[in-house]
Amino acid sequence: MALTLQPLVSLADGRYHPDFPLTLLNFWVLTSEQLDDMAHFYHQSTPGDFTSSYPCPVEWRRDAALEDKRRKIGRFIGLRGCETPIREQSEEEIREEMRRAAWMEDEELMFRRKFGPGRL
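Bear in mind that the values here come from a model prediction, so they are computed numbers and not experimental data. (Residues numbered from 1 in each chain as written. Predicted model: local features only at pLDDT ≥ 70, side-chain atom pairs only at ≥ 80, totals over all residues. Heavy atoms only, no water.)

Colleague: What is the right way to read the pattern of salt bridges from this model?
Modeller: It is possible for side chains bearing opposite charge to pair when their charged atoms get close. Following the criterion strictly, the structure yields 10 salt bridges and no others. A network of salt bridges, in which partner residues are shared, links Glu 91, Glu 92, Arg 95, Glu 96, Arg 99 and Arg 100. (Salt bridge = Lys/Arg side-chain N within 4 Å of Asp/Glu carboxyl O.)

Colleague: When you look at the nonpolar core in this model, what are you seeing that I'm missing?
Modeller: Here is a general trend for soluble globular proteins: nonpolar side chains tend to be buried in one another's company. Counting residues in hydrophobic clusters, the biggest one holds 18 residues, and the most contacted among them are Leu 8, Phe 20, Phe 27, Tyr 42, Ile 73, Phe 76 and Ile 77. Secondary-structure elements contributing two or more residues to this core are α2 (32-41) and α3 (66-76). Ranked by residues supplied to this core, first place goes to α2 with four residues. Residue contacts for Tyr 42: discarding those within four places in its chain leaves Leu 8, Val 9, Ser 10, Tyr 16, His 17, Phe 20, Tyr 54 and Phe 76. (Core = buried A, V, L, I, M, F, W, Y, C linked by side-chain atoms within 4.5 Å. Buried < 20%, exposed > 50% of the residue type's maximum accessible area, 1.4 Å probe, protein only. Helix = DSSP H or I, 4+ residues; strand = E, 2+ residues; numbered from the N terminus. Contact = heavy atoms within 4.5 Å.)

Colleague: I would appreciate a short explanation of the domain arrangement of the chain in the present structure.
Modeller: Reports often express the size of an interface as the amount of accessible area lost when the parts come together. Entries for the chain in the domain assignment read domain 1 (1-86) and domain 2 (88-119). A straight line from the C-alpha centre of domain 1 to that of domain 2 covers 44 Å. (Domains from an automatic or database assignment.)

Colleague: Would you explain the packing of α2 against α3 in this entry?
Modeller: When two helices pack together, their arrangement is captured by the angle between the axes and the distance separating the axes. Where α2 contacts α3, the two axes come as close as 10 Å, and the packing angle between them is 40°. Between α2 and α3, the interaxial angle falls into the category oblique. For the pair α2 and α3, the sense of crossing is left-handed. When α2 is examined against α3, the residues Ser 32, Leu 35, Asp 36, Met 38 and Ala 39 are found in contact with a partner set consisting of Leu 66, Lys 69, Arg 70 and Ile 73. Its residues assigned to classes, the contact of α2 with α3 shows five nonpolar, one polar and three charged. (Axes fitted to C-alpha atoms, helices over the stretch in contact; angles between N-to-C directions. Parallel < 35°, antiparallel > 145°, perpendicular 65-115°, else oblique. Left-handed = near helix turned anticlockwise from the far one by under 90°. Nonpolar A, V, L, I, M, F, W, Y, C, P; charged D, E, K, R; others polar.)

Colleague: Is there a simple way to explain the packing of aromatic side chains in this structure?
Modeller: Here a ring pair, both rings aromatic, is described through the centre-centre distance and the interplanar angle of the planes. This structure, assessed with the given rule, holds five aromatic pairs. Between the aromatic rings of Tyr 42 and Tyr 54, the centroid separation amounts to 6.1 Å while the plane-to-plane angle is 90°, which identifies the pairing as edge-to-face. With Tyr 42 in the loop between α2 and α3 and Tyr 54 in the loop between α2 and α3, the pair connects residues that are 12 residues apart, well separated along the chain. We note that Tyr 42, like Tyr 54, is buried. Judged by centre distance (5.2 Å) and plane angle (55°), the rings of Tyr 54 and Phe 76 are tilted. Placement of the pair is Tyr 54 in the loop between α2 and α3 and Phe 76 in helix α3, with a sequence separation of 22 residues. For the pair Tyr 54 and Phe 76, a shared accessibility class is recorded, and that class is buried. (Phe/Tyr/Trp six-rings, centres within 6.5 Å; stacked < 30°, edge-to-face > 60°.)

Printed below as a string of structure tokens:
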């Protein structure tokens, strides 16, 4: 938690936000309001000329949960592990995907038998 972070500077004036976390611990204790203010400071919640010029722009929502805001700012400032979570599939979704794959394989095999190899 004592890992030092290098401040990200604003493209507008070269300054960094006064609440920018200088350590990993400081990052984890940022409040929702501080995160909103940082998003505004770095042109992410208020689109403008600089919004997409940052290395990793984010889509900001003030009504997002604190964890989502923290993850987005973490990604924005270059922290690892702050990527958008991948949706996990339920067992039924996995079974359905396997059924579809097996059906496609059966269909392909049927066409190969019907038309011969190399004709598809």
